[in-house]
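# Survey of secondary and tertiary structure
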Amino acid sequence: MKRTALRAVSIDEKEWKAKGTQLLKQAENVSKRTNRQNETTDNHSLISEIKLTIKAGEAFKIAGHWYESARAFARAAAFIGDAMNDPQRAASFYLEAGIAAEKVNASLANDYYSRSISMHCNVLEFYQAAMLLERMANNFIKKDELVASLEEFQRASKLYKATAGKLDDADRTLERAAYLQGRTGDLIDSSNSYKTLAMSQARRNTTMFNAPRYALRSIILLCLEKSFSEVEDLIDDFTQEDCRFEESRELEFINDIMHSVAFPDLDKFADCVYSFNE
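Analysis parameters
Residues numbered from 1 in each chain as written. Predicted model: local features only at pLDDT ≥ 70, side-chain atom pairs only at ≥ 80, totals over all residues. Heavy atoms only, no water. Helix = DSSP H or I, 4+ residues; strand = E, 2+ residues; numbered from the N terminus. Buried < 20%, exposed > 50% of the residue type's maximum accessible area, 1.4 Å probe, protein only. Areas by Shrake-Rupley, 256 points an atom, 1.4 Å probe, with all protein chains shown as cover. Lys, Arg positive; Asp, Glu negative; His and termini not counted. Charge placed at Lys NZ, Arg CZ, Asp CG, Glu CD. pLDDT = per-residue confidence, 0-100. Contact = heavy atoms within 4.5 Å. Salt bridge = Lys/Arg side-chain N within 4 Å of Asp/Glu carboxyl O. Phe/Tyr/Trp six-rings, centres within 6.5 Å; stacked < 30°, edge-to-face > 60°. Lys NZ or Arg CZ within 6 Å of the ring centre and 35° of its normal. Axes fitted to C-alpha atoms, helices over the stretch in contact; angles between N-to-C directions. Parallel < 35°, antiparallel > 145°, perpendicular 65-115°, else oblique. Left-handed = near helix turned anticlockwise from the far one by under 90°. Nonpolar A, V, L, I, M, F, W, Y, C, P; charged D, E, K, R; others polar.

What follows concerns the overall build of the protein. From N to C terminus, the protein includes 14 helices and zero strands. Starting at the N terminus and walking to the C terminus, you meet the elements of the protein as α-α-α-α-α-α-α-α-α-α-α-α-α-α. If one aligns the C-alpha atoms of the protein with their principal axes, the spans along those axes are about 85 × 40 × 35 Å. Burial analysis of the protein (278 residues in total) assigns 44% to the buried set. Carbon together with sulfur atoms contributes 51% to the accessible area of the protein, which is approximately 15900 Å² in total. Here the protein contributes 37 positively and 43 negatively charged side chains, and the mean placements of these two sets differ by 15 Å.

Printed below as a string of structure tokens:
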């Protein structure tokens with residue numbers, strides 16, 4: 001075992017790349033010898049091809065050739081998912097492909113993550129799919145693609161919600177989406193997302209004290225859109241859901257804002273903001 005470990009350390013990048021290339025050629029040779037029409041009755045050759053392809057992916061990864069590693073893992077994943085009909089294992093290798101691709105190309109990584117997500121959803125593994133959607137969303141943020149990012153955060157939130165015991169994760173990702181909706185100018189949608197968050201937090205003993213904060217965000221966004229009649233309805237909804245909201249400092253601040261809008265007084269408004277932030 002020690003000798004093997006020392007040999008792994010001693011082999012340089014070029015040797016590992018050459019090893020990966022050799023393993024891929026071996027896999028291709030196995031493929032050429034395999035009669036694809038007989039795969040259902042004899043999987044020995046296919047299994048051998050998959051193992052060689054995975055080893056090639058590992059070799060390219062050690063060599064730091066991320067694109068080649070990603071392609072090898074994705075190829076193995078396709079074989080496992082389609083020919084072997086094993087979506088769980090296929091999902092894990094699409095994930096490996098995505099992690100490798102992320103080193104060089106975030107768009108390609110997201111493509112592999114998307115395939116992994118589909119495999120996870122096929123076997124109802126919503127939690128794993130949601131985590132990958134979050135990863136995709138963060139990749140889109142790095143590229144400043146905010147609309148694509150918020151869509152993935154929304155999808156992640158729904159899948160977390162469909163997973164037992166993951167409501168905190170569902171709310172966390174919905175909050176990210178709500179923020180991005182505001183950043184992209186969709187103030188009404190952002191307000192609705194914060195309203196959903198407030199209601200969700202109010203219904204759980206461990207998070208109920210966070211509800212007024214999200215309610216405040218939801219209402220302020222409506223004020224920015226000058227939807228004052230909807231503000232009154234929203235205050236009623238929050239008060240019915242959580243009676244303590246009626247005596248909260250957040251509602252007091254909202255009332256001060258509404259008064260400042262009705263009777264413009266910048267000094268008083270500034271005092272209200274200062275007082276609330278103390």
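With that settled, consider the confidence of the model for the protein. Here the protein averages 88 in pLDDT, while 92% of its residues score no lower than 70. Scored below 50 in pLDDT, residues 1-6 makes zero contacts in the model with residues more than four places away or belonging to other chains.

Okay, the pattern of salt bridges next. Under the criterion given, the structure shown has 17 salt bridges. Measuring nitrogen to oxygen at the nearest pair gives 3.2 Å for the salt bridge that ties R203 to E241. Separated by 38 residues along the polypeptide, R203 in the loop between α10 (187-202) and α11 (211-224) and E241 in helix α12 (residues 228-241) bring together distant segments of the chain. Looking at R203, the relative accessible area reads 56%, which means it is exposed. Overlapping salt bridges, with partners in common, bring together E28, E49 and R75 in one network.

Under the counting rule described, the total for this entry stands at four aromatic pairs. Ring centres of Y194 and Y214 lie 6.3 Å apart, and the angle between their planes is 15°; on these two criteria the pair is classed as stacked. Of this pair, Y194 sits in helix α10 while Y214 sits in helix α11; the two residues are 20 residues apart in sequence, bridging distant segments of the chain. The two residues Y194 and Y214 agree in class, both being buried. Ring centres of F238 and F245 lie 5.6 Å apart, and the angle between their planes is 65°; this geometry places the pair in the edge-to-face category. The ring of Y127 carries K166 above its face, with NZ or CZ at 4.4 Å from the centroid. Across the ring face of Y214, the terminal group of R213 is positioned such that the distance to the ring centre comes to 4.6 Å.

On to the side chain of H120, then. Locating H120 in the fold gives a position in helix α6 (residues 106-122). Setting aside chain neighbours within four positions, we find H120 in contact with A91, E125, Q128, A129 and L132.

So, on to the packing of helix α7 (residues 126-142) against helix α8 (residues 146-161). Running from N to C, α7 and α8 cross one another at 165°; their axes reach a closest spacing of 8 Å. The angle between α7 and α8 places the two elements in the roughly antiparallel class. When the axes of α7 and α8 are compared, the crossing they make is left-handed. For the pair formed by α7 and α8, the contact residues are F126, Y127, A129, A130, M131, L133, E134, M136, A137, N138, F140 and I141 on the first element and A148, S149, E152, F153, R155, A156, L159 and Y160 on the second. Residue classes in the contact of α7 with α8 are distributed as 15 nonpolar, two polar and three charged.

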